[in-house]
Every structure is written in C-alpha cells, then in structure tokens.
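# Coordinate inspection notes
Chain residues, written in single-letter form:
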Amino acid sequence: MWIYEKRLEYPVNIKTPNAKIAKMIMSQYGGPDGEIGASLRYLSQRFSAPNRICMAVLNDVGTEELAHLEMVSTIVHQLTADLTMEEIEKSGFADYYVDHTVGIWPQAAGGIPFNSCEFQSKGDPITGLFENLAAEQKARSTYDNILRVVRDIPEIADPIRFLRAREVVHFQRFGEALQSVQDQLNAKNFYAFNPSYDTAVTKNPCDCNTSC
Amino acid sequence: MMNCECNCTCQKNDISREQLMDIIDQASFAQYDMLLYLDTHPDDAEAFAYYRKQTCIREDALKQYAQHYGPLTMDLIDDTCSDSWKWMMQPWPWEIKKKGRC
C-alpha cells in the first residue's frame with residue numbers, strides 16, 4: 001500500500017501564471033507519455049514480473065512516478081490558479097477552462113483524455129520491459145520539448161529538469177531488470193516461453209543471493 | 001535508540017524550516033535513488049551502507065521537523081507534542097506561497 005508524505009519529491013514554487021505553458025505541461029500529467037501512464041503501466045505490470053528484481057523495480061519506479069504525477073499536476077495548478085479571464089481567452093486555454101475552470105484533469109495537451117490505451121501491460125515481462133524502456137525515452141523527449149520552451153524560466157525549468165533526469169535513471173534500472181529476466185532464460189531463445197504464464201515465479205526471497 | 005553516526009546538525013534550534021526541509025528533501029532523494037539501485041544491485045554493501053546513512057539523516061530530520069513545524073507523515077503525528085490536528089492544518093505541498101493565499 002502507499003503512505004502519503006506531505007512534501008513533493010522536488011520543490012515546486014511557481015509565482016507567475018502561464019496558461020500556454022500549463023497546457024503543454026499537462027501532457028506530462030495525462031498525456032501518452034506522461035506520469036500517470038508511467039505509474040499505472042509499472043504498477044500494473046508488476047503482477048507479471050517473473051522474479052523479485054523485476055517486481056521490485058516495477059513497484060519502486062511505479063511508486064516514484066506517483067510522486068512525479070503529483071509534481072506535474074502541482075506545476076500545472078500553480079501555472080493556472082491565478083489566471084485572469086483575459087489570459088485564459090488569449091492563450092488557447094478556453095477549451096479546457098469551459099469544462100474544468102482552472103481545476104486539474106488529466107488529458108494530453110492536444111485534448112485526448114487520459115486512458116489505458118496510453119500504456120500497455122502485456123502480461124509478458126520481456127515485452128513489458130521493452131515497453132518501459134521506450135516509455136522512459138518518450139517521457140525524456142517530452143521533457144526535452146518542454147525545456148525548449150521554458151529553459152529560461154528557472155521556477156519552471158528546475159523541477160522539469162529534475163523530472164527529466166529521473167527518466168534517464170529509470171531507463172537504466174529497467175535495462176538491468178531486463179538483464180535479470182534474460183539471465184534466467186535460455187540464452188539461445190529468450191522467447192521459448194512466457195515466464196509469467198508458462199511457469200511460476202522461480203525463486204523465493206530466502207533463496208536469493210546474487211540472482212533473485 | 002539507533003546508533004547511526006549521523007552527525008546531524010538538526011538538533012540545533014537555529015535551523016530554519018526551509019533548511020530542515022532541504023535536509024529532508026536531499027536525504028530522502030538520496031535514499032530513494034539508492035533504493036532503486038539496490039533493487040538491481042542487492043549485494044552492493046557500500047550502497048546499502050549509504051542507504052542506511054541517508055535513512056538515519058532523513059528520520060532524524062523528519063522528527064525535528066515534526067517537533068517544530070508539523071508532521072510530514074501520519075507516523076510523525078505523535079512527535080508533534082501538540083493537541084492540534086497539525087496533519088490537516090499545516091500547509092499542503094502544492095499550495096502557492098503568495099500573498100493572499102494560505
């Protein structure tokens with residue numbers, strides 16, 4: 001289960017509203033490569049992890065993504081809370097405003113609501129880990145895109161840079177998890193069977209030394 | 001009592017709320033990043049020692065913060081030595097720090 005800690009993983013203190021930027025950053029909340037998708041992807045996939053390294057990585061990265069979705073929604077909230085009607089109308093924010101005022105609701109910048117099609121949980125750990133490696137790169141690219149626009153606004157760029165750096169680290173961890181899964185399979189044919197369906201979990205924690 | 005060789009400065013009363021939160025943020029981040037690393041490198045003893053050290057700093061700072069400012073987790077509510085329900089009443093992390101707002 002999850003316990004709440006009353007702080008953000010990295011501080012967000014934005015003083016100046018900006019509806020245009022908020023609309024873009026919203027994509028990292030409810031968009032195709034955003035943090036809600038990341039969190040649900042990993043927390044869903046963990047049930048099909050074939051070993052405890054993989055379970056731990058999916059669980060613990062998925063948990064960190066919850067902290068990230070909180071940061072992104074905080075950024076959007078602080079960018080929109082004090083908007084005037086004039087700013088809302090001029091900045092292309094009116095479409096969102098009419099349905100949500102300046103509330104927070106997960107959607108992509110282009111308007112598609114968050115939905116499960118934005119991630120996959122295939123029930124196959126090799127497939128899942130490749131999906132996750134790609135997901136971290138997609139998120140990194142999205143933050144790159146955001147940074148091109150906000151790089152000279154430190155109060156926004158700072159937390160965005162932090163989030164981007166974390167994607168790179170997660171990518172590394174998923175690579176290691178993939179390695180651990182492949183190490184337990186026949187090196188001549190990783191695809192001979194689906195270790196999450198065709199066999200049970202291979203080791204319990206008491207047996208763990210170097211290869212869980 | 002834990003014997004962690006913390007060397008914490010948080011015992012002093014002159015540390016500000018912001019400085020204490022900074023210590024919590026940094027130790028917590030170092031701890032969590034190391035947790036992820038240990039998930040795939042469970043035998044790295046040095047990493048585990050670093051994890052323990054950051055945990056110690058973090059827990060000490062969280063307790064200090066609870067005593068002076070408010071509980072950041074429900075388990076720290078008892079450390080506030082206060083009868084008021086600070087968990088709800090102290091600011092929430094997304095609140096905007098500006099004039100006219102909480």
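Keep in mind the model is a prediction, meaning the values are calculated, not measured.

### Thoughts on empty space enclosed by the protein
All names here are of chain A.
- A complete count under the given rule lists two cavities of 30 Å³ or more for this structure.
- Approximately 70 Å³ is the volume found for the largest cavity.
- The wall of the largest cavity is formed by Gln45, Ser48, Ala49, Cys54, Leu58, Ser121, Lys122, Gly123, Asp124, Pro125, Gly128 and Leu129.
- Listing elements by their share of the lining of the largest cavity, those giving two or more residues are α4 (52-80) and α7 (125-150).
- In terms of residue count, the dominant contributor to the lining of the largest cavity is α7 (three residues).
- Split into classes, the residues belonging to the lining of the largest cavity amount to five nonpolar, five polar and two charged.
- Taken as a whole, the second largest cavity holds about 50 Å³ of empty space.
- Residue lining of the second largest cavity: Pro32, Asp33, Gly34, Gly37, Ala38, Arg41, Tyr42, Glu65, Ala135, Glu136, Ala139 and Glu167, and that is the complete set.
- When residues of the lining of the second largest cavity are traced back to their parent elements, those giving at least two are α3 (35-45) and α7.
- The element that contributes the greatest number of residues to the lining of the second largest cavity is α3, accounting for four residues.

### Observations concerning the layout of surface pockets
- By volume, the largest pocket is sized at about 880 Å³.
- In terms of lining, the largest pocket is formed by 30 residues, of which the most central are Ile3, Glu5 and Thr63 of chain A together with Tyr32 and Arg58 of chain B.
- For the lining of the largest pocket, the secondary structure elements donating two or more residues are α4 of chain A together with α1 (17-40) and α2 (45-68) of chain B.
- In the lining of the largest pocket, the residues fall into 13 nonpolar, six polar and eleven charged.
- Space inside the second largest pocket adds up to approximately 600 Å³.
- Surrounding the second largest pocket, 26 residues form its lining, Arg17, Met21, Tyr65, Pro93 and Lys97 of chain B being those nearest its centre.

### Some points on the interface of chain B and chain A
- Each side of the interface is counted separately: chain B has 31 residues, and chain A has 32 residues.
- Summing both sides of the interface, chain B and chain A together bury roughly 2700 Å²; the carbon and sulfur share of this comes to 55%.
- Summed over the three residues of chain B that lose the most area to chain A, namely Leu36, Pro93 and Trp94 of chain B, the buried surface amounts to 20% of that side.
- Remark: the boundary between chain B and chain A carries three salt bridges.
- Our enumeration of links across chain B and chain A arrives at ten residue pairs in polar contact (both at pLDDT 80 or more).
- Going through the elements one at a time, α1 and α3 (86-89) of chain B are the ones with two or more residues in the side of chain B that touches chain A.
- No other element matches α1 of chain B, which puts twelve residues into the side of chain B that touches chain A.

About the criteria used
By convention here, each chain's residues receive numbers from 1 onward along its written sequence. Chain letters and ligand numbers both follow the written order, the letters beginning at A and the numbers at 1. Given that the model is predicted, a residue must reach a pLDDT of at least 70 before its local features are reported, and side-chain atom pairs must reach 80 or more before they are shown or counted; all residues, however, enter totals for whole chains, interfaces and linings. Excluding hydrogens and water, the side-chain figures rest on all heavy atoms present in the structure. The pocket and cavity definitions rest on a 1 Å grid over protein atoms only: a 1.4 Å probe that fits but cannot leave marks a cavity, an open set with protein on both sides within 12 Å along at least five of seven lines marks a pocket, and residues lining either have an atom within 4 Å of a point. Grid points are joined across faces, edges and corners, and a volume is the space filled by probe spheres set on the points. Runs of H or I in DSSP of at least four residues are treated as helices and runs of E of at least two as strands, each being numbered from the N terminus. Each residue receives one of three labels: charged for Asp, Glu, Lys and Arg, nonpolar for Ala, Val, Leu, Ile, Met, Phe, Trp, Tyr, Cys and Pro, and polar for the others, Gly being one of them. By the convention used here, residues are in contact when the closest approach between their heavy atoms is within 4.5 Å. Summed over both partners, the accessible surface that disappears when two parts come together, traced with a 1.4 Å probe, is what is meant by buried area. Here a salt bridge means any side-chain nitrogen of Lys or Arg lying within 4 Å of a carboxyl oxygen belonging to Asp or Glu. Whenever two N or O atoms come within 3.5 Å, that pair is a polar contact, provided that in protein one can donate a hydrogen and the other can accept it, and provided that, for residues adjacent in sequence, both atoms are side-chain atoms.

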